[in-house]
Amino acid sequence: LQTKPQSADSVFVLFNPEFASAKPTTSSLRELTSDPLMEDGKQTRAGFAPLPGTVAEADAIRQVFPDGIFVSGQSATQKAVEEQAIAAKYVHLA
């Protein structure tokens, strides 16, 4: 595993990802049937609602780390975490 050098105050913030485009597969639906958000094997809400306050959290972190990497929406992916978070001293997922 190779790591990139990190600055003393580097931060990676992934917030407010777009879950609506992620469609669960049949096998993952079976795994979720015991989930409290599931009722009779059907999701009780369409996709995942954005967590309240995540944009405000990211804005507050941006005040402290203005040169940080901030990723949201469709760009907030697992690939973004794998590629960019490795170089950060701090990682915040919201």
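Up top is the structure.
None of the values given here were measured: they were computed from a predicted structure.

### Here we look at the sheet that holds strand β1 (residues 11-17)
Turning to step 1, where the next piece is worked out: Sheet architecture is open: 3 strands sit in the order β4-β1-β5, paired in parallel fashion. Pairing within the sheet leaves two strands with one partner each, and these edge strands are β4 (69-73) and β5 (90-93). Adjacent strand axes in the sheet meet at a mean angle of 10 degrees when their direction is disregarded.
Turning to step 2, where the next piece is worked out: Sitting on the sheet, helix α2 (residues 54-64) is in contact with β1, β4 and β5, with an inclination near 160 degrees to β1.

### Some thoughts on the nonpolar core
Turning to step 1, where the next piece is worked out: In terms of nonpolar packing, the biggest core is built from 8 residues, these being Val-11, Val-13, Phe-15, Ala-58, Ile-61, Phe-65, Phe-70 and Ala-94.
Turning to step 2, where the next piece is worked out: Listed by contribution, the elements that provide at least two residues to this core are β1 and α2.
Turning to step 3, where the next piece is worked out: Here this core gets 3 residues from one element, more than from any other, and that element is β1.
Turning to step 4, where the next piece is worked out: If you look at the next biggest cluster of nonpolar residues, it comprises 7 residues, including Phe-12, Val-71, Ala-76 and Ala-85.

### Description of the packing of aromatic side chains
Turning to step 1, where the next piece is worked out: Tallied over the entire structure, the rule returns 1 aromatic pair.
Turning to step 2, where the next piece is worked out: For the pair Phe-65 and Tyr-90, a centre-to-centre distance of 5.7 Å together with 45 degrees between the ring planes defines the contact as tilted. Placement of Phe-65 in the loop between α2 and β4 and of Tyr-90 in strand β5 is noted, with a sequence separation of 25 residues between them.
Turning to step 3, where the next piece is worked out: Judged by its relative accessible area of 18%, Phe-65 falls in the buried class.
Turning to step 4, where the next piece is worked out: The ring of Phe-70 has Arg-62 lying over it, and the distance from NZ or CZ to the ring centre is 4.1 Å.

### Observations concerning the pattern of salt bridges
Turning to step 1, where the next piece is worked out: Tallied over the entire structure, the rule returns 1 salt bridge.
Turning to step 2, where the next piece is worked out: Among the ionic pairs, Glu-83 bridges to Lys-79, the shortest N-O distance being 3.9 Å. You can see Glu-83 and its partner Lys-79 sitting in helix α3 (residues 78-84), 4 residues apart, about one turn around the helix.
Turning to step 3, where the next piece is worked out: Exposure remark for Glu-83: the relative accessible area of 44% places this residue in the partly exposed category.
Turning to step 4, where the next piece is worked out: According to the relative accessible area criterion, Lys-79 is exposed, its value standing at 53%.

Rules of the game
Residues numbered from 1 in each chain as written. Predicted model: local features only at pLDDT ≥ 70, side-chain atom pairs only at ≥ 80, totals over all residues. Heavy atoms only, no water. Pairing = 2+ DSSP bridges. Helix = DSSP H or I, 4+ residues; strand = E, 2+ residues; numbered from the N terminus. Axes fitted to C-alpha atoms, helices over the stretch in contact; angles between N-to-C directions. Contact = heavy atoms within 4.5 Å. Core = buried A, V, L, I, M, F, W, Y, C linked by side-chain atoms within 4.5 Å. Buried < 20%, exposed > 50% of the residue type's maximum accessible area, 1.4 Å probe, protein only. Phe/Tyr/Trp six-rings, centres within 6.5 Å; stacked < 30°, edge-to-face > 60°. Lys NZ or Arg CZ within 6 Å of the ring centre and 35° of its normal. Salt bridge = Lys/Arg side-chain N within 4 Å of Asp/Glu carboxyl O.

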